[in-house]
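Survey of secondary and tertiary structure
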Amino acid sequence: MKFMKLGSRPDTFYNSDSVRSVSSEVSSDLVVQVNGTRYLLHKFPLLSKCLRLQRLCSESPESSSQHQIIQLPEFPGGTESFELCAKFCYGITITLSAYNIVAARCASEYLQMTEDVEKGNLVYKLDVFLNSCILNGWKDSIITLQSTKPFHLWSEDLGITSRCIEAIASKVLSNPSKVSLSHSYSRRGRDRDDISCNGGGESHRNNKTGGKGWWAEDLSELGIDLYWRTMIALKSGGKVPANLVGDALRVYASKWLPNVSRNLEKDVDSNPSNSKSRLLLESIISLLPMERNSVSCSFLLKLLKAANILRASSSSRTELSRRIGVQLEEATVPDLLIPSSSNDMIYDVDVILNILDQFMLQSQSPPTSPVYLKGRFERHRRSRSANNGDFELQESRRSSSASHSSKIKVAKLVDGYLQEIARDVNLPLSKFTALAEAIPDFARLDHDDLYKGIDTYLKSHPNLNKTERKRLCRILDCKKLSMEVCMHAAQNELLPLRVVVQVLFFEQARAAMAGGQLTDLPSNIKALLAAQDDATSRPPGSISTNRSMVQPEDQWSVSGLKSPKSSLSTLRMKLAEDDDLDEHFQANSSKVKQLCSLPNRPKRMFSKLWSSNRSTTEKR
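Definitions and cut-offs
- Residues numbered from 1 in each chain as written.
- Predicted model: local features only at pLDDT ≥ 70, side-chain atom pairs only at ≥ 80, totals over all residues.
- Heavy atoms only, no water.
- Helix = DSSP H or I, 4+ residues; strand = E, 2+ residues; numbered from the N terminus.
- Contact = heavy atoms within 4.5 Å.
- Areas by Shrake-Rupley, 256 points an atom, 1.4 Å probe, with all protein chains shown as cover.
- Buried < 20%, exposed > 50% of the residue type's maximum accessible area, 1.4 Å probe, protein only.
- Arc of directions from axis to C-beta.
- pLDDT = per-residue confidence, 0-100.
- Core = buried A, V, L, I, M, F, W, Y, C linked by side-chain atoms within 4.5 Å.
- Salt bridge = Lys/Arg side-chain N within 4 Å of Asp/Glu carboxyl O.
- Axes fitted to C-alpha atoms, helices over the stretch in contact; angles between N-to-C directions.
- Parallel < 35°, antiparallel > 145°, perpendicular 65-115°, else oblique.
- Left-handed = near helix turned anticlockwise from the far one by under 90°.
- Nonpolar A, V, L, I, M, F, W, Y, C, P; charged D, E, K, R; others polar.
- Pairing = 2+ DSSP bridges.
- Disulfide = S-S within 2.5 Å.
- Phe/Tyr/Trp six-rings, centres within 6.5 Å; stacked < 30°, edge-to-face > 60°.

Along the backbone of the chain there are 30 helices and seven strands. The long-range fraction of contacts in the chain, counting pairs at least 24 apart against all pairs at least 6 apart in sequence, stands at 73%. Carbon and sulfur atoms provide 51% of the accessible area of the chain, an area that totals close to 30600 Å².

See below:
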């Protein structure tokens, strides 16, 4: 901290109730009133340096008293600032620092203590001290900028605010990654800078060492209006990496948005503190860098949670949803559990659907074939090596593979999310199925997690009718269930009967094919099982699926084929009559369990099925 002392006399003001005076052998002839305090002073030292007091004394009426009275209403900085200026006029020592220089500068401007009145006046000396000392120091610049808030209009008019912001920005831009300049960050040694937007914290990547953004925590002391202007100045400089800007915003959010939770008052808009938090949140969102991965997806989702709770503007929430969709594969299931702003549901499913839509738009695979240029550009490219000649094709394939991989990650994420929201008794079936169907079929390598979500939803919604249960289970692909899940599904009394039969059929057929115990499977069933095996072993670049080759009305048949020559046509017809079977499903559940317990005897089971089919055909 830098200080400056002006004057040589150690005298000071003496207090007597609400009257203050300077020790002097000469009797006072001027009374100055500042905010209810009376000062008994002398005209000569004050009027020789203060142009405003000269004018006021000349305009005030003559008084029979020996004291001329001057009123100074709304004096900037109050009595402390006036005493500082008065002491300077008397030659009494004053001490200046980053904490009081703004108040002193505004007060001296109010009294018009300029060079026009006297050379070396207070305005000039304060400007010299501000520019040469205060603004050269990092911490002093921040303290001075903070102290401009009580004198907002004065500081703006005098250019103090803009000069402080420029000084701070120039120091950051000179070396945005330098660590050693920040004494406050290393002294505090904070290991936590998370934002508690109704969720867990997020550790800073470099919190042990203070991080590369050495300036982040020091700037977080500023109010949002000054912070916003400072960050705009930093971003406009173009030298601060986007990830450092993102880290700084996260530090600031963790400091000023720590208590956003669902326990807010119902009338959010009428609470002044909530309105202030909303403005702060929207300002942070407007400062987010445009570059991908400049902030983590987890942090963006925490901001979105806060935006929902605080009812931020729709544009802010839309922007967050768009940015989250770009890097959705980085999220976790707890990140997606955004509280609903209404009382109908626990979680906001609509916002996740919007994010998924954004993800699908952003992750569209580029063309797999390179666009070859013509003319001299093509000749120039062909003159390179063979590897460089295929560069565009390699990049295209790499992008396509990355897009496919990210969709697989997002599919796993959504299935985990479905398991969580399925417990909500108020969650409509339409929203659950819409979310499940938003994922491309190829992205789900298996349907185990999806089945768990469906099972949870059935348990939490026991009043679903038969049609609704069928609609729910239509999104399930029994061919993609593991052995363990198949065993559970076969004994699940909540599932429609045709789902149970499909599970048993595909699992037993797969076991039979794998063990070589059954050789009389129809050719179309063998092809279907072989295609399923190929699909599970297909490399990431391929996206063709079995379901995509089947019409929607056929997806609930055992094989998805309607060939009249198929040996399964009779079985599919029987499944079509499951209206009657469903009524007796509870009574026959023990038989289903017995059927499920026969994994080692698939040949016997299928031989009965084939014989039943043949006998039915013969009767017809």
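This next bit is on helix H23 (residues 466–473). Residues spaced three or four apart along an α-helix face the same direction, because each turn holds 3.6 residues. Along H23, the positions that sit buried rather than exposed are Arg 469, Lys 470, Leu 472 and Cys 473. Relative to the axis of H23, the buried residues are bounded by an arc of 160 degrees and lie together on one face.

The subject of this paragraph is the environment of Ala 434. Here Ala 434 shows up in helix H21 (residues 429–437). Judged by relative accessible area, Ala 434 falls into the partly exposed class, the value being 31%. Separated by 81 residues in the primary sequence, Ala 434 and Leu 353 place their C-alpha atoms 8.1 Å from one another.

Okay, the confidence of the model for the chain next. With 65% of its residues at a pLDDT of 70 or more, the chain shows a mean pLDDT of 76. Within the model, pLDDT remains below 50 along residues 395–399, and this stretch shows five contacts once partners closer than five positions in the same chain are excluded. Note that pLDDT drops below 50 for residues 535–574; the model gives that stretch 58 contacts with residues more than four away or on any other chain.

Right, let's get into the nonpolar core. In this structure, Leu 72, Trp 215, Leu 219, Tyr 227, Met 231, Leu 328 and Leu 435 are the most contacted members of the largest nonpolar core, which totals 147 residues. The greatest single-element share of this core, amounting to nine residues, is contributed by helix H14 (residues 297–310). Not counting residues within four places of it along the chain, the set of residues in contact with Leu 72 comprises Val 32, Gln 33, Val 34, Leu 53, Leu 56, Phe 82, Tyr 110 and Leu 111.

What follows is about the pattern of salt bridges. Per the counting criterion, the structure on display carries 18 salt bridges. In this structure, the salt-bridge partner of Lys 255 is Glu 221, at a minimum N-O distance of 3.7 Å. Residue Lys 255 is located in helix H12 (residues 242–256), and its partner Glu 221 is located in the loop between helix H10 (216–219) and helix H11 (224–237); the two are separated by 34 residues in the primary sequence. Among the salt bridges present, the one from Arg 423 reaches Glu 420, with a minimum N-O distance of 3.2 Å. Salt bridges here are not isolated pairs; linked through shared partners, they connect Arg 105, Glu 109 and Asp 127.

Attention now goes to the environment of Val 425. The residue Val 425 is located in the loop between helix H20 (391–421) and H21 in this model. When its relative accessible area of 54% is taken as the criterion, Val 425 is described as exposed. For the pair formed by Val 425 and Ser 460, sequence separation is 35 residues and the distance between their alpha carbons is 5.9 Å. If we ignore the near neighbours within four places in the chain, the residues touching Val 425 are Ser 460 and His 461.

Let us now look at helix H5 (residues 122–132). Along H5, the positions that sit buried rather than exposed are Leu 122, Val 123, Leu 126, Asp 127, Phe 129 and Leu 130. Buried residues along H5 cover an arc of 165 degrees about the axis, so they all sit on one side.

Turning next to the packing of helix H6 (residues 138–146) against helix H8 (residues 160–174). Between H6 and H8, the least distance of the axes is 9 Å, while the angle of their chain directions is 150 degrees. With respect to each other, H6 and H8 are oriented roughly antiparallel. Where H6 crosses over H8, the handedness of that crossing is left-handed. Together, Trp 138, Ser 141, Ile 142, Thr 144 and Leu 145 of H6 and Thr 161, Cys 164, Ile 165, Ala 167, Ile 168, Lys 171 and Val 172 of H8 make up the contact between the two elements. Its residues assigned to classes, the contact of H6 with H8 comprises eight nonpolar, three polar and one charged.

Bringing the pairing of strand S6 (residues 68–71) into the picture now. Along S6, the buried face is formed by Gln 68 and Ile 70; none of Ile 69 and Gln 71, which line the opposite face, is buried. Taken together, the four bridges between strand S4 (residues 30–34) and S6 define a ladder with parallel strand orientation. For Val 32, the partnering residue across the bridge sits in S6 and is Ile 70.

Another point: unusual backbone geometry. The phi dihedral of Asn 35 is positive, around 50 degrees, even though this residue is not glycine. Summarising the element assignment, Asn 35 is placed in the loop between S4 and strand S5 (37–41). For Glu 74, which is not glycine, the phi torsion reads 50 degrees and is therefore positive. By the element assignment, Glu 74 lies in the loop between S6 and helix H3 (78–90).

As a further point, take the environment of Leu 504. Take Leu 504: it is sitting in helix H25 (residues 497–515). For Leu 504, a relative accessible area of 9% gives the class buried. In this structure the C-alpha to C-alpha distance between Leu 504 and Cys 486, which are 18 residues apart in sequence, comes to 7.4 Å.

Another aspect to go through is the state of the cysteines. With the rule as written, the count across this model stands at zero disulfides. For the unlinked cysteine Cys 89, the closest cysteine sulfur is that of Cys 50, found at 3.8 Å.

In this section: the packing of H11 against H12. Where H11 contacts H12, the axes come no closer than 12 Å and their chain directions differ by 175 degrees. As judged from the angle between their axes, H11 and H12 are roughly antiparallel. For the pair formed by H11 and H12, the contact residues are Ile 224, Tyr 227, Met 231 and Lys 235 on the first element and Val 245, Ala 248, Leu 249 and Tyr 252 on the second. For the contact of H11 with H12, the residue count by class is seven nonpolar, no polar and one charged.

Per the counting criterion, the structure on display carries eight aromatic pairs. With 5.4 Å between their ring centres and 75 degrees between their planes, Phe 505 and Phe 506 make a pair best called edge-to-face. For the residue pair Phe 505 and Phe 506, the accessibility class agrees, reading buried in each case. An aromatic cluster is present here, built from Tyr 39, Phe 75, Phe 82, Tyr 110 and Trp 154 joined pairwise through their rings.

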